[in-house]
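Chain by chain, the residues:
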Amino acid sequence: MTAILEVDDLTVDFSRTTAVRGVSLRVEAGERVGIVGESGSGKSVTAQAVMRLLPPTATVGGRIRFAGQDVLGFDPARLAAWRGADIAMVFQDPMSSLNPLLRVGTQLTEGLRRHRGLGKAAARAEAVRLLRTVGIDDAERRLDDYPHAFSGGMRQRVCIAIAAACTPKLIIADEPTTALDVTVQAQVLDLLDELTERHDTATVLVSHDLGVISSFCDRIMVMYAGQVVEAGPTDDIVAAPAHPYTRALLDSIPRLDGDLPRRLPTVPGSPPFGNVPTGSCAFADRCPHAQDRCRTEAPTMAPVGPNTTAACHFPLTEGART
Amino acid sequence: MTAPPIAEAVPLAAPTGLRRALGSLRHDLPALISILVLVLLALAAIFAPLLASHPPLQTYQEGLAANGAPIGPGHGFPLGTDPNGRDVLARLLYGARVSLTIGILANGLATVFGVLVGLTAGYLGGWVETILMRLTDVVMSFPILLFCIALISVTGPSERNVVIVIALIYWTTLARIIRSQVLSLREREFVVAARTMGLSHWRIMRKHLFPHLVPTIIVYATLGVASSILIEASLSFLGVGVPVPTPSWGQMIEQGKEYFQIAPWLLFAPGVCLIVTVLAFNLAGDWLRDLLDPTAPERR
């Protein structure tokens, strides 16, 4: 398999805080990778760094390679040719990621015209086809509507259609279902699933919702305070989380089966902002299993299972294995 | 179906837009009057040859009293004559053409310039913004009239030069306003989304940002016409504006000022026209601003 995206030891520094500290990520062609974490864990910043969307005030370190090319070295012209054609993004809030003053058709066709060199008529025909693909009825007529005439779920479908328009190799979806209600969430994920399947498009799904991530992704990367704390295939991680943080995230997903807990478990405390302690585990203060070593030595990523790695001195899988 | 013209994408162009505009006019008497005045002015300027009873440049022997003084209103000259024996009404009507044309052209040019500078500076940022906005500061720091007089004394007075000089002065305010709007617009998610689709800067500015600026542009373009007309009048009054004998209101005031005591109509006629026009443009601009500003409270 060839890697579409290889991120190596990515760091993102803003003037006061370090948002991402040494994140590595590899996405194969057609693979779905989920990045999960709380607000402030650096998951969105990682996604933005890959898209080269960070403001000039951010200092980006490490390496980002897309199909073997050095993304951080792209000049503006190369960047504009790359975005939309090879990589595309779906945003959290479809209310604000579509321009309210432009017809949906215009927003759908502009990428097609730019990257695939289609003429007006051809681009429009393609836009009609795309809109049908994402399940919008009466596509021909709806192209001339403005975004406000669409519901939230339909708008996100339009956004997905825009992102998928030029059949990019990778789509980054940054919390694509967070602003939608639950019934629509599933539809949007199914749609993303279907579209990426068809063209073997790789997907990076960023979300705070481990439930959404685990239903969609082949592999999961759990981030905490700008670092990866656990990574591996979805099934392995959901079945046997090694890092206490992953465990805590899994526990806080409401379940329909089994005994109903009195209260939904939560992770006590809040993630560190700004100055993350470097000489200790960042999660130590909130970890129910923290021991002295956790406060004096930062753990590094190490194998905790056949396919999974975690950054924890005392992985929860240890007992199960021995 | 081709891409729609940009103006159509403005919220004002929604089906209810025109009705809302007319509805708000009913509650706003000053705005209603000023718009009627502007319409009348435009008609007067357009149909000046039909409305004037005399040609504006023709001097009449019978237009001067025996002692050579201009004659007052009546006697075949509805608003009297000027010291050269020319019909004041005819000059006023043709002057409206000159003043309105120069005001609108100059301000239109300034608007285009201001929008381009503000949009480019605000969107691109960095050194482009620094250069453009410092240039704006420099132009803003010039005393307006002095700058105009200096430029015109170099280029020579002509209608074309007056338009260009006013445009060169008047783009700055709009550039600043547009820039500040673009600064907040460019952080909006749909602009970021447009960037992730690899669209060119030019396309993002033209298609994604410009439609959001149209209400602001309409308002400031309307208000700006009033200032431009005043500047033109001032320049003509100072003798560096529209060259004689072409009539413009400022120039008519200049020529009439020495005869103020014996022929006050020479000042009053163009002066009143000037005041009414400027007032009408300002009131119409205020009305448009309230109409296009969704955050403005409903006026009763």
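Counting restarts for each chain, with residues numbered from 1 along the sequence as it is written. Naming scheme: in the order in which they are written, chains are lettered from A and ligands are numbered from 1. Reporting in this predicted model follows two pLDDT cut-offs: at least 70 for local features of residues, and 80 or more for side-chain atom pairs to be given and counted; totals over whole chains, interfaces and linings ignore these cut-offs and use all residues. Note: side-chain values were computed over all heavy atoms of the structure, leaving out hydrogens and water.

Engineer: Where do I start with the interface of chain A and chain B in this structure?
Structural biologist: How big an interface is tends to be reported as the loss of accessible area on association of its parts. Counting residues at the interface gives 30 residues for chain A and 22 residues for chain B. Defined in terms of a 1.4 Å probe, buried area is the accessible area two parts forfeit on being brought together, summed over both. Around 2200 Å² of area is buried between chain A and chain B when both sides are counted, 61% of it from carbon and sulfur atoms. Of all residues in chain A, the largest losses of buried area upon contact with chain B belong to Phe 91, Leu 101 and Glu 110 of chain A, amounting jointly to 25% of the total for that side. Whenever a carboxyl oxygen of Asp or Glu lies within 4 Å of a side-chain nitrogen of Lys or Arg, that contact is scored as a salt bridge. There are one salt bridge connecting chain A and chain B. Of the charged contacts in the structure, one is a salt bridge between Glu 110 of chain A and Arg 203 of chain B, with a shortest N-O distance of 2.9 Å. Pairs of N or O atoms are called polar contacts if they sit within 3.5 Å, as long as, within protein, a hydrogen donor faces a hydrogen acceptor (for residues adjacent in sequence, only side-chain-to-side-chain pairs). There are nine residue pairs in polar contact (both at pLDDT 80 or more) connecting chain A and chain B. Segments assigned H or I by DSSP are reported as helices when at least four residues long, segments assigned E as strands when at least two residues long, and all are numbered from the N terminus. Elements represented by at least two residues in the side of chain A that touches chain B include exactly strand E6 (87-90), helix H3 (94-97), helix H4 (104-115), helix H5 (120-133) and helix H7 (152-164) of chain A. For the side of chain A that touches chain B, the residue count by class is 13 nonpolar, eight polar and nine charged. Note on contacts: a residue pair is in contact if any heavy atoms of the two residues lie within 4.5 Å. Each residue gets one of three labels, nonpolar for Ala, Val, Leu, Ile, Met, Phe, Trp, Tyr, Cys and Pro, charged for Asp, Glu, Lys and Arg, and polar for the others, Gly among them.

Engineer: What is the right way to look at the pattern of salt bridges in this model?
Structural biologist: Pairs can form between side chains of opposite charge whenever their charged atoms are close. Residues and elements named next belong to chain A. For the structure on display, the rule yields 25 salt bridges over all chains. The partner of Glu 197 in a salt bridge is Arg 32, and the shortest N-O contact between them spans 3.4 Å. In this pair, Glu 197 is assigned in helix H8 (residues 182-199) and Arg 32 in strand E3 (residues 32-36), connecting sequence segments 165 residues apart. Categorising residues by exposure relies on relative accessible area from a 1.4 Å probe, with only protein chains included: less than 20% of the type maximum marks a residue as buried, more than 50% marks it as exposed, and the intermediate range marks it as partly exposed. Given a relative accessible area of 58%, Glu 197 falls into the exposed group. Residue classification places Arg 32 among the buried positions, given a relative accessible area of 6%. Here Glu 140 ties to Arg 124 by a salt bridge, and the two come within 3.7 Å at their closest N and O atoms.

Engineer: Teacher, can you tell me more about unusual backbone geometry here?
Structural biologist: Negative phi values dominate among residues other than glycine, just as trans dominates among peptide bonds. All names here are of chain A. Its identity is not glycine, yet Asp 9 carries a phi of approximately 50°, on the positive side. Relative to the assigned elements, Asp 9 resides in strand E1 (residues 3-13). For Asp 9, a relative accessible area of 47% gives the class partly exposed. Even without being glycine, Glu 175 reaches a positive phi, approximately 50°. On the secondary structure map, Glu 175 appears in the loop between strand E7 (170-174) and H8.

Engineer: It is not clear to me how the nonpolar core should be interpreted in this structure. Could you clarify?
Structural biologist: Soluble globular proteins tend to bury their nonpolar side chains together. Among the nonpolar cores identified, the biggest contains 76 residues, and Leu 108, Leu 131, Val 158 and Leu 205 of chain A together with Ile 178 and Leu 209 of chain B are the most heavily contacted of them. By residue number, the principal contributor to this core is H7 of chain A, which donates seven residues. Structurally, this core is a two-domain feature, drawing no fewer than three residues from each of domain 1 (3-239) and domain 2 (278-322) of chain A. Ignoring sequence-local partners within four residues, the contact set of Leu 131 of chain A consists of Leu 108, Ile 136, Ala 139, Arg 142, Leu 143 and Val 158 of chain A. Take the buried residues of types Ala, Val, Leu, Ile, Met, Phe, Trp, Tyr and Cys, join any two whose side-chain atoms come within 4.5 Å, and each joined set is a nonpolar core. Note: domain ranges come from an automatic or database domain assignment.

Engineer: Any chance you could explain a nonpolar patch on the surface here in plain terms?
Structural biologist: Residues and elements named next belong to chain B. A patch consists of residues exposed above 30% relative accessible area that lack any salt bridge, with like charges linked at up to 9 Å and nonpolar side chains (Val, Leu, Ile, Met, Phe, Trp, Tyr) linked at up to 5 Å. Note on areas: these come from Shrake-Rupley sampling with a 1.4 Å probe, and a residue is covered only by the protein chains present in the view. A surface patch of nonpolar side chains, amounting to about 700 Å² of accessible area, comprises Val 39, Leu 40, Leu 43, Ile 46, Phe 47, Leu 50 and Leu 51. Where the nonpolar patch is concerned, the elements lending two or more residues are helix H2 (29-46) and helix H3 (48-51). Considering every element that reaches the nonpolar patch, the biggest residue donor is H2, with four residues. Note that Leu 51 resides in helix H3.

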